[in-house]
Amino acid sequence: MPQLSRIVITGVGLTAPNGNSLAEFRSNLLAGIAGVEFLEVRHMGMQPAGVCHFDPLKHQKRKEARVGTRAGSISIYCAREALADSGLDFAAFPKDRVGIYIGCTEHGNVETENEVHALSKFNNDVKFWSHYHNPRTVANNPAGETSLNLGVTGPAYTIGAACAAGNLGVIHAAQMLRLGEVDFALCGGVSESIGTFGIFAGFKSQGALASHPDPKKASRPFDLARNGIVVSEGGCLYALERLGDAQARGAKIHAEIAGYCVNSDASDYVLPNPERQAECMRKAIASAGMSPGDIHIVNTHATATPLGDIQECQAMAAVFGEGCPGTWINNTKSFIGHAMGAAGALELAGNLPSFDDLTVHPTINVDNLDPKCALPGLVLNRPRKADRVDAMLNNSFGMLGINSALIVKRFVP
Amino acid sequence: MTQDQCKKAVLAIIADIAPDEDLSDVKSDVRLRDQFELDSMDFLDIVMELRKRHGIEVPEADYGQLASLDSCAEYLTPKFNALEARR
C-alpha cells in the first residue's frame, strides 16, 4: 500500500452557543463561560438550549437566508470563516477541486415541522404546502446551499452519522484528499436541531432531556445530579489540505490528522456499548502509530445522560487503564450542550489552541463528581496547564451505535 | 380595486420574496425578471402569496400573465374585484 499523504488543518470556521470564532469560543472555554439559555420550544414551553448568535447576513444575501435553511446559513457562515482563516486565494482556486463534506445528525425535521404547523393554519389544504419543502429537506441541503454560496462545483454532500457526524465529516474529507478526489476540503458538522420540537420531545420521552432552573448549569456531564441532554445548534467546518499543498502556499497549519476509527456497536438502537467504544479508541490510537500515553487530551463525548456518561468512562478506563500521567480528560458539552452533528467538530476546535497555550479547558458544572465517572486526569471546573500537548483524541458517538474517534497532533514538519 | 392598488399588492409580495432588491424605481411595462433577480421558484412564491394573502388562484396556464407589473394588473385586478364583489 503506498504511503498515505499527510493531511493538515489550515482553517477553522465556527459558530457555537458561546462564540462565533475560534478565538471567542476558546476564550469562553478557558473563562468557564457557558452558552446555554432558555428557548421557547413549540408544544414544550421554555427549555434549556444552545443558541448561536452569529450574523447570517455577514455571508448571505437576505433572499438566500429566507429561501434556505438554518443549517444552510450555519454551514455557509462556517465555510466562509474557515476559508478566510485558511488564507487561500479562493477566487483563483479551481472550484471543481474543492470538496464540501458536512456531517449532520439529522436534516429536514425543522422544515417539515414548520411546514406542517403552517399548513394547519390553512385547514391542512396541501395547496398551501411550500414549493421549497423538498430543496429545504433533502439530506444534502446544508452542503448544497454552501456550494451555491461559494460557487463550488466539486463534490458537496452531507454525511449522516447521528452525533458522530462532526468527526466523520473531517475523516471523510481526509480520505477524499488522500484519494486525490479533491485538492481542498471544507468539512466538519452542523446542527439546526433546536428548531425541531421532535428532538426535544424524543429525548424527553427517553428520559434523557436536561432540566435545571439555571440554563447555564443544565448541561452537567459527570456530575451526580446530571439529568440529560441540552439540545444545541452550531457548526464547525475546517479547511483541510494535503501537507504538500499547504506548505507550497505557505499556509498556517493548526494541526495534523494523525489517525481515526469509525465502528459500529451492532447491539442497540440507543444504548451505547462501552466495549465497542473502547475498541474504536484503541484502533484510532493504533492507526496514529501511538500508545494511549501519547494522547495528552481526550475530549469526551459524554452528553450528561445518567447511563451514557458512565459507559463512556468504562470505555476510557479500559483504554487508558489507571490513567496515563500526562493524559487529561475534558468535556465541551458542559459549556454548550449537545450540538448534535456539529458536536465532534466543535469540540475538537475548542481544544486545538492547547497545542499553543498548553492549557486544557475544563469540564464545568461538576459540583459533585459521580464516583462512577471519576477518571484519573479529569479536568474539572478550572483549566489546567499541561506539561505537553502533542496529540488529542476526540470522541463522538451516536445513535444506532456509530462510534468515532479522531486524533490530531501538533504539526511538526 | 384599481390597477394601481393591484400593482402595490404585487409589489408588497415582491418586497418580501426578494428583500435584497431596490423596488423604488420599478418599470411597470418591463418584465420583472429583466429588472430583478427572480427565478422560477420566486414566481411560484408570488403565486403562493396571492393565494395565502388574497385568496386568488392563478392556474399554471396563466403564469405568463405575471411577467410584468402591467400584465399583473391587467390579469389580477378583475380577480381582486370579483372576490370583493362576492364578499
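What counts and what doesn't
- Residues numbered from 1 in each chain as written.
- Chains lettered and ligands numbered in written order.
- Predicted model: local features only at pLDDT ≥ 70, side-chain atom pairs only at ≥ 80, totals over all residues.
- Contact = placed C-beta atoms within 7 Å.
- Nonpolar A, V, L, I, M, F, W, Y, C, P; charged D, E, K, R; others polar.
- Pairing = 2+ DSSP bridges.
- Helix = DSSP H or I, 4+ residues; strand = E, 2+ residues; numbered from the N terminus.
- Axes fitted to C-alpha atoms, helices over the stretch in contact; angles between N-to-C directions.
- Buried ≥ 20, exposed ≤ 12 C-beta atoms within 10 Å, placed from the backbone.

Colleague: Got a minute to help me understand the interface of chain A and chain B in this structure?
Modeller: Quite often, the size of an interface is put as the accessible area lost when its parts meet. At the junction of the two partners, chain A supplies 8 residues and chain B supplies 8 residues. For the side of chain A that touches chain B, the residue count by class is 2 nonpolar, 1 polar and 5 charged.

Colleague: Honestly, the sheet that holds strand E3 (residues 45-50) of chain A in this entry has me stumped. Any pointers?
Modeller: Adjacent strands of a sheet form backbone hydrogen bonds with each other and so pair up, either parallel or antiparallel. Residue and element names in this part refer to chain A. With mixed pairing, 3 strands are arranged side by side in an open sheet as E2-E3-E7. Looking at the sheet topology across the chains shown, the edges are occupied by strand E2 (36-41) and strand E7 (231-232). Note that E2 and E3 share 6 bridges and pair antiparallel. In the strand pairing of E3, Glu-37 is matched with Ala-49.

Colleague: Got a minute to help me understand the sheet that holds strand E10 (residues 297-299) of chain A in this structure?
Modeller: All names here are of chain A. Read from one edge to the other, the open sheet built from 10 strands follows the order E5-E4-E6-E8-E1-E9-E15-E14-E10-E11, with strand pairing classed as mixed. Of all the strands in the sheet, just strand E5 (156-160) and strand E11 (328-330) have a single pairing partner and so form its edges. Each strand of the sheet is rotated relative to its neighbour by a mean of 25°, with strand direction disregarded. Relative to E5, strand E4 (residues 98-104) runs parallel, the two being bridged by 5 bridges. When the sheet's bridge partners are listed, Tyr-101 is paired in E5 with Tyr-157. Running at roughly 160° to strand E14 (residues 391-398), helix H13 (residues 343-351) makes contact with strand E1 (7-15), E4, strand E6 (184-191), strand E8 (234-242), E10, E14 and strand E15 (402-409) of the sheet.

Colleague: Can you walk me through the environment of A:His117 in this structure?
Modeller: Residue and element names in this part refer to chain A. With respect to the helices and strands, the residue His-117 is situated in helix H4 (residues 109-120). Overall, His-117 belongs to the exposed group, with 12 C-beta atoms counted inside 10 Å. Distance from His-117 to Val-298, taken between C-alpha atoms, is 42 Å for residues 181 residues apart in sequence.

Colleague: Would you explain unusual backbone geometry in this entry?
Modeller: If a residue is not glycine, its phi is most likely negative; likewise, a peptide bond is most likely trans. Residue and element names in this part refer to chain A. Even without being glycine, Ala-162 reaches a positive phi, approximately 45°. Along the chain, Ala-162 falls in the loop between E5 and helix H7 (165-179). Among the residues examined, Ala-162 registers 21 C-beta atoms within 10 Å and is labelled buried. One non-glycine residue with positive phi stands out, namely Ala-304, at about 80°. You can see Ala-304 is positioned in the loop between E10 and helix H11 (306-320). Judged by C-beta crowding, with 26 C-beta atoms within 10 Å, Ala-304 ranks as buried.

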